[in-house]
Amino acid sequence: MGLVGLFAVSALIEAFVTPSPLPTAFRIGIGAAVWLAFLGYVVILGSAAAAKTRERDPRTNPHAQ
């Protein structure tokens with residue numbers, strides 16, 4: 001599901017931001033903001049998912065059920 005959202009955001013950028021008459025610096029700023037948001041998403045939700053996996057894995061947590 002996360003990948004679908006990623007493709008939707010990239011499609012919106014390609015459809016509306018790339019061909020727009022906005023100044024190049026502004027378009028690059030939009031791209032940088034979206035990239036930073038993606039990195040935040042990966043770091044925050046990715047580390048939470050990895051922690052859940054470690055909790056449930058009997059090889060890394062002897063008390064896991």
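Each remark here, short or long, concerns the structure printed above.
As the structure is a prediction and not an experimental result, all values here were calculated from the model.

Student: Would you take a moment to explain the overall build of the protein for this structure?
Tutor: Secondary structure assignment for the protein yields two helices and zero strands. Taken over 65 residues, the protein has a buried fraction of 5%. For the protein, the accessible area works out to roughly 5400 Å², and carbon and sulfur atoms hold 73% of it.

Student: Just checking my understanding: could you explain a nonpolar patch on the surface for this structure?
Tutor: A surface patch of nonpolar side chains, amounting to about 1200 Å² of accessible area, comprises Leu3, Leu6, Phe7, Trp35, Leu36, Phe38, Leu39, Tyr41, Val42, Val43, Ile44 and Leu45. Taken together, the elements giving at least two residues each to the nonpolar patch come down to helix H1 (2-17) and helix H2 (24-56). In terms of residue count, H2 provides more of the nonpolar patch than any other element does, nine residues in total. Relative to the helices and strands, leucine 36 resides in helix H2.

Student: Teacher, can you tell me more about the side chain of serine 20 here?
Tutor: On the secondary structure map, serine 20 appears in the loop between H1 and H2. A polar contact of 2.8 Å, which involves the side chain of serine 20, links it to the backbone oxygen of valine 17.

Basis of the calculations
- Residues numbered from 1 in each chain as written.
- Predicted model: local features only at pLDDT ≥ 70, side-chain atom pairs only at ≥ 80, totals over all residues.
- Heavy atoms only, no water.
- Helix = DSSP H or I, 4+ residues; strand = E, 2+ residues; numbered from the N terminus.
- Buried < 20%, exposed > 50% of the residue type's maximum accessible area, 1.4 Å probe, protein only.
- Areas by Shrake-Rupley, 256 points an atom, 1.4 Å probe, with all protein chains shown as cover.
- Patch = residues over 30% accessible without salt bridge, like charges linked within 9 Å, V, L, I, M, F, W, Y side chains within 5 Å.
- Salt bridge = Lys/Arg side-chain N within 4 Å of Asp/Glu carboxyl O.
- Polar contact = N/O pair within 3.5 Å; in protein donor to acceptor, adjacent residues only side chain to side chain.

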